[in-house]
Amino acid sequence: MKLAWPTGNITKIGYFAIALTTLYTIIITVLGLRTMRMVKYIYESNKKSNGDN
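The sections below set out a description of the structure shown in this document. Values in this document were obtained by computation on a predicted structure and should not be read as measured data. Each chain has its residues counted from 1, following the order in which its sequence is written. Local features in this predicted model are restricted to residues whose pLDDT is 70 or higher, and side-chain atom pairs enter the listing and the counts only when it is 80 or higher, whereas totals over whole chains, interfaces and linings include all residues. The side-chain values count all of the structure's non-hydrogen atoms but skip hydrogen atoms and water molecules.

1. Some thoughts on the overall build of the protein chain
Part 1 of the reasoning: Strands here are runs of E lasting at least two residues and helices are runs of H or I lasting at least four, both read from the DSSP assignment and numbered beginning at the N terminus. Along the backbone of the protein chain there are 1 helix and 0 strands.
Part 2 of the reasoning: Burial classification: accessible surface area is computed with a 1.4 Å probe over protein chains only, and a residue below 20% of its type maximum counts as buried, one above 50% as exposed, and the rest as partly exposed. In the protein chain, which comprises 53 residues, the proportion classed as buried is 0%.
Part 3 of the reasoning: Split by element, the accessible area of the protein chain, about 5,400 Å² in all, is 72% carbon and sulfur. Exposure was quantified through the Shrake-Rupley algorithm and a 1.4 Å probe, taking into account, for residues, occlusion by the shown protein chains and nothing else.

2. Some thoughts on the pattern of salt bridges
Part 1 of the reasoning: Here a salt bridge means any side-chain nitrogen of Lys or Arg lying within 4 Å of a carboxyl oxygen belonging to Asp or Glu. Enumeration according to the criterion identifies 1 salt bridge in this entry.
Part 2 of the reasoning: Notably, a salt bridge pairs Lys47 with Glu44, separated by 4.0 Å at the nearest N-O pair. On the criterion of helical spacing, the pair formed by Lys47 and Glu44 is a turn pair, its members being 3 residues apart in helix 1 (residues 4-52).
Part 3 of the reasoning: You can call Glu44 partly exposed: its relative accessible area is 32%.

3. Details of a nonpolar patch on the surface
Part 1 of the reasoning: Each patch is built from residues lacking any salt bridge and having more than 30% relative accessible area; the joining distance is 9 Å for like charges and 5 Å for nonpolar side chains (Val, Leu, Ile, Met, Phe, Trp, Tyr). The grouping of Phe16, Leu20, Leu23, Tyr24, Ile27, Ile28 and Leu31 at the surface amounts to a nonpolar patch, some 720 Å² of accessible area in total.
Part 2 of the reasoning: Its place among the elements puts Phe16 in helix 1.
Part 3 of the reasoning: With a relative accessible area of 58%, Phe16 lands in the exposed category.

Shown next as structure tokens:
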């Protein structure tokens, strides 16, 4: 019983860590895409205003 406890906790922690890393990866990807889109939008608007001037 004493040996079964740590292994059970380790697997729980492992699954939790995997879930967290997956979540973080998704969040970072979404934020990265958003910032890229924003940067592109700002770049496009700057190019347009510079073209007018």
